[in-house]
Amino acid sequence: QVQLVESGGGLVQAGGSLRLSCAVSGSTFSFRAVGWYRQAPGKERELVARISSGGTNTNYENAVKGRFTISRDDAGNTVYLQMNSLNPEDTAVYYCNAVGNGAYPLWAWGQGTQVTVSP
């Protein structure tokens, strides 16, 4: 059974940075594309960043392109999200997951990590 443990969220002022981590256990992590999703209050969960198996390709949702960077450490079974130039619209609970076709998440969700950006 796959377990996902997200960490690194917090309260930050607009323009600040955070680095999120997601520890993955119970799966052959290196063979999967993985991504970060977020869910803001009253909105649906959306995929904001994806990295391919092997880390050669990354994709970003337009609102975070140029500000967020996703990376992975296959030896450590961890995926990261470096978030810079944060703005209040980035406030959400952030989750990691394996990404299937059509951005469909493949594993059960972890608890997520709250990111709150103040004006």
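Let us look at the structure shown here. Everything numeric here is computed off the predicted structure, so don't read it as measured data.

1. Notes on the overall build of the protein chain
A tally of helices and strands in the protein chain yields zero helices and 10 strands. Walking the protein chain from its N terminus toward its C terminus, one meets helices and strands in the order β-β-β-β-β-β-β-β-β-β. Taken over C-alpha atoms, the radius of gyration comes to 13 Å for the protein chain, in line with the 14 Å a tight globule of 119 residues would show. Residue burial in the protein chain is summarised as follows: out of 119 residues, 43% are buried. By sequence separation, contacts in the protein chain at least 24 residues apart represent 54% of the contacts at least 6 residues apart. A total of about 6100 Å² of accessible surface is found on the protein chain, and carbon and sulfur atoms cover 47% of it. Side-chain charges in the protein chain split into 9 positive and 8 negative, and the spacing between the mean points of these groups amounts to 3 Å.

2. Section: the sheet that holds strand β9 (residues 92–98)
The strand order across the open sheet formed by six strands is β2-β10-β9-β4-β5-β6, and the pairing between neighbours is mixed. Either end of the sheet is taken by a strand with one partner, and the two such strands are β2 (10–13) and β6 (58–60). This sheet shows a mean twist of 25 degrees between the axes of neighbouring strands, independent of strand direction.

3. With respect to the state of the cysteines
Applying the stated criterion to the full structure yields one disulfide. At a sulfur-sulfur separation of 1.7 Å, the disulfide partner of C22 is C96. Highlighted residues: C22 in strand β3 (residues 18–25) and C96 in strand β9, separated in sequence by 74 residues. As far as the burial class goes, C22 and C96 line up, both buried.

4. Comments concerning the sheet that holds β3
Reading across the sheet, the four strands line up as β1-β3-β8-β7 and stay open at both edges, with antiparallel pairing between neighbours. At either end of the open sheet lies a strand with only one pairing partner, and these are β1 (3–7) and β7 (68–73). Adjacent strand axes in the sheet meet at a mean angle of 15 degrees, parallel and antiparallel pairs treated alike.

5. Let's talk about the pairing of β7
Alternating residues of β7 divide into F68, I70 and R72, all buried, and T69, S71 and D73, none buried. Relative to strand β8 (residues 78–83), β7 runs antiparallel, the two sharing six bridges. Pairing of I70 across the sheet is with L81, part of β8. What sits between the antiparallel neighbours β7 and β8 is a turn of four residues, in which N77 has the positive phi angle 50 degrees.

Rules used in this analysis
Residues numbered from 1 in each chain as written. Predicted model: local features only at pLDDT ≥ 70, side-chain atom pairs only at ≥ 80, totals over all residues. Heavy atoms only, no water. Helix = DSSP H or I, 4+ residues; strand = E, 2+ residues; numbered from the N terminus. Rg over C-alpha atoms; globule rule 2.2 N^0.38 Å. Buried < 20%, exposed > 50% of the residue type's maximum accessible area, 1.4 Å probe, protein only. Contact = heavy atoms within 4.5 Å. Areas by Shrake-Rupley, 256 points an atom, 1.4 Å probe, with all protein chains shown as cover. Lys, Arg positive; Asp, Glu negative; His and termini not counted. Charge placed at Lys NZ, Arg CZ, Asp CG, Glu CD. Pairing = 2+ DSSP bridges. Axes fitted to C-alpha atoms, helices over the stretch in contact; angles between N-to-C directions. Disulfide = S-S within 2.5 Å.

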